[in-house]
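# Observations on the model geometry
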Amino acid sequence: MDVLRILHVANFGWFQNATNYYAIDHKISNGLIRKGHNVHNWSYREQVRSLSPLKTTGDVFARKKMNQSLLATVETYRPHLLLLGHSELVTKQTLERIRLKYPEIRMAQWWVDPLDTVAHIRDRLDILDAFFATTGKETLQRVFGSLHGEKLFFFPNICDLCVEVGRAFEKSSPAYDLVFIGRSTPDRMALLDHLKAVCRGLVIGHFGHSPETMRFGSAYVETLKEARMGLNYSRFNDIPLYASDRLVHLAGNGLLVFSPRVPKMELLFSQEELVYYEDVGDLVEKIAYYHANEKEGQSIAQRGWMRAHRAYAAERVGQFMLETVFRKPYSEPYEWIGA
């Protein structure tokens with residue numbers, strides 16, 4: 001594929017002091033750059049904040065100026081691809097103006113959250129050439145309808161070789177036997193409290209449930225690297241193929257990952273690469289088993305780590321996205337095609 005100019009409009013957190021440097025917007029850009037393309041990262045939220053006297057994204061005037069700035073950036077940069085992330089403040093009118101003036105520009109969007117706040121996506125699907133989500137296509141078509149079904153694609157959470165740098169399966173004396181890092185919800189708190197009560201003798205690191213236990217930036221990654229096992233537990237665990245990027249953070253840093261049986265998830269990670277559990281009792285039994293059988297757990301963790309870095313590498317997923325958007329023949333049989 002020829003060298004492309006790609007305008008990547010996403011969050012990026014320019015003013016957040018690298019708090020989420022491991023976020024997927026950075027990973028997508030990293031992968032596309034490694035494939036030889038010119039990627040210009042453009043933070044729509046920080047543009048609004050910089051234009052607002054109160055530094056807030058709720059400023060209507062600043063939002064209007066941001067959209068005008070985006071139009072000016074397109075005029076100057078003339079991208080081959082306008083790639084949108086979570087870009088709810090970019091108006092459909094702005095995209096329509098770009099489409100009208102530069103019909104040759106391809107437009108695509110990606111989404112990695114549950115599909116519960118997607119009115120702006122539904123509104124712009126007629127303009128987009130492709131929409132990617134970490135949710136199975138069957139669910140996408142149910143949410144958005146079959147009218148734009150040919151534009152809806154699943155893509156996996158991305159692993160980046162310069163972000164997921166841990167090899168926890170090689171750690172001889174980790175600080176934690178099991179770790180979970182995530183925002184507090186009632187079901188998560190109940191599950192972690194139960195594990196702490198019944199998994200006696202295990203050091204369980206539970207982070208993110210209070211201000212003092214938050215982990216961001218390098219502290220987040222270093223905590224993962226200091227754990228033998230990790231729990232993958234998303235806000236929703238019954239959506240086919242959906243998991244938060246926590247799954248790749250854990251597997252990509254070499255932890256032995258425990259996950260509920262998310263529908264179709266074995267398409268992405270087999271039982272030889274990840275430990276699936278049926279219910280809380282099954283989870284407790286399997287945690288105890290792999291704590292006692294460390295070598296067996298390390299072998300599974302290493303296979304999961306290899307799968308994450310090989311199959312879901314930023315370069316490979318980025319290439320899939322470009323081939324999809326530009327309607328090129330797929331260069332390899334991506335295992336998630338049609339999922």
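Right above here is the structure, for reference.
As the structure is a prediction and not an experimental result, all values here were calculated from the model.

## Comments concerning the pattern of salt bridges
Overall, the coordinates contain 23 salt bridges when judged by the stated rule. Of the charged contacts in the structure, one is a salt bridge between Lys27 and Glu164, with a shortest N-O distance of 2.7 Å. On the criterion of sequence distance, the pair formed by Lys27 in helix α1 (residues 24–34) and Glu164 in the loop between β6 (152–154) and β7 (176–181) is long-range, its members being 137 residues apart. For Arg45, the salt bridge goes to Glu88, with nearest N and O atoms at 3.6 Å. Note that Arg45 is positioned in helix α2 (residues 44–51) and Glu88 in the loop between β3 (81–84) and α4 (92–101), a separation of 43 residues in sequence. Each of Arg34, Asp160 and Glu315 takes part in salt bridges that share partners, so that together they form one network.

## Quick notes on the environment of Glu222
Tracing the sequence through the fold places Glu222 in helix α8 (residues 217–225). You can call Glu222 partly exposed: its relative accessible area is 41%. With 56 residues separating them in the primary sequence, Glu222 and Gly166 have C-alpha atoms 8.1 Å apart.

## Looking at the sheet that holds strand β10 (residues 256–260)
The five strands are arranged β8-β7-β9-β10-β11 in an open sheet whose pairing can be described as parallel. Edge positions in the sheet fall to β8 (204–207) and β11 (275–277), since each has one partner strand and no second. Each neighbouring strand pair of the sheet contributes to a mean axis angle of 25°, computed without reference to strand direction.

## Describing the sheet that holds β3
Taken in spatial order, the six strands make up an open sheet running β2-β1-β3-β4-β5-β6, and their pairing is parallel. Here the strands that pair on one side only, and so sit at the sheet edges, are β2 (38–43) and β6. Across the sheet, the axes of successive neighbouring strands diverge by a mean angle of 20°, strand direction being ignored. Note: strand β5 (residues 130–133) against β6, three bridges, orientation parallel. Bridged to Ala133 within β6 is Phe154. Strands β1 (5–10) and β2 of the sheet are contacted by helix α3 (residues 60–77), whose axis makes an angle of about 170° with β2. This element, helix α12 (residues 314–325), spans β1, β3, β4 (106–111), β5 and β6 of the sheet and lies at about 150° to β5.

## Description of the pairing of β1
For β1, the buried fraction is high: five of the six residues fall into the buried class. Examined bridge by bridge, β1 and β2 share six bridges and lie parallel to one another. Along β2, the bridge assignment pairs His8 with Asn41. In this region the chain leaves β1, passes through α1 and returns to the parallel neighbour β2; the handedness of that crossover is right-handed. Where β1 meets β3, four bridges bridge the pair, whose relative direction is parallel. Directly across from His8, in β3, lies its bridge partner Leu83.

## Examining helix α11 (residues 294–311)
With 18 residues, α11 ought to run about 26 Å at 1.5 Å a step, and its terminal C-alpha atoms sit 25 Å apart, in line with that. If you follow the buried residues of α11, they end up packed against α9 (246–252), β10, β11, α10 (280–292) and α12.

## So, the environment of Ser146
In this fold, Ser146 is placed in the loop between α6 (137–144) and β6. Spatially, the C-alpha atom of Ser146 lies 25 Å from that of Leu81, the residues being 65 residues apart in sequence.

## Some words on the packing of aromatic side chains
On inspection of all chains with the given rule, the structure shows 17 aromatic pairs. Note on Phe269 and Tyr312: the rings are 5.5 Å apart at their centroids and 55° apart in plane angle, and the pair reads as tilted. Of the two residues, Phe269 sits in the loop between β10 and β11 while Tyr312 sits in the loop between α11 and α12, which places them 43 residues apart along the sequence. On the basis of relative accessibility, which here comes to 1%, the residue Tyr312 falls in the buried class. A connected cluster of aromatic rings, assembled from ring pairs, spans Phe132, Phe153, Phe155, Phe269, Tyr312, Phe320, Tyr330, Tyr334 and Trp336. Positioned above the aromatic ring of Phe153, the side-chain terminus of Lys137 is 5.3 Å from the ring centre.

## Remarks on the packing of α3 against α4
At a minimum axis separation of 10 Å, α3 and α4 run at an interaxial angle of 20°. When the axis of α3 is compared with that of α4, the two are roughly parallel. At the point where α3 passes α4, the crossing takes the right-handed sense. On α4, the residues touching Asn67, Leu70, Leu71, Val74 and Glu75 of α3 are Thr94, Arg97, Ile98 and Lys101. Residues that form the contact of α3 with α4 fall into these classes: four nonpolar, two polar and three charged.

How each quantity is defined
Residues numbered from 1 in each chain as written. Predicted model: local features only at pLDDT ≥ 70, side-chain atom pairs only at ≥ 80, totals over all residues. Heavy atoms only, no water. Salt bridge = Lys/Arg side-chain N within 4 Å of Asp/Glu carboxyl O. Helix = DSSP H or I, 4+ residues; strand = E, 2+ residues; numbered from the N terminus. Buried < 20%, exposed > 50% of the residue type's maximum accessible area, 1.4 Å probe, protein only. Pairing = 2+ DSSP bridges. Axes fitted to C-alpha atoms, helices over the stretch in contact; angles between N-to-C directions. Contact = heavy atoms within 4.5 Å. Right-handed = clockwise from strand over helix to strand, strands pointing away. Expected span 1.5 Å × (residues − 1). Phe/Tyr/Trp six-rings, centres within 6.5 Å; stacked < 30°, edge-to-face > 60°. Lys NZ or Arg CZ within 6 Å of the ring centre and 35° of its normal. Parallel < 35°, antiparallel > 145°, perpendicular 65-115°, else oblique. Left-handed = near helix turned anticlockwise from the far one by under 90°. Nonpolar A, V, L, I, M, F, W, Y, C, P; charged D, E, K, R; others polar.

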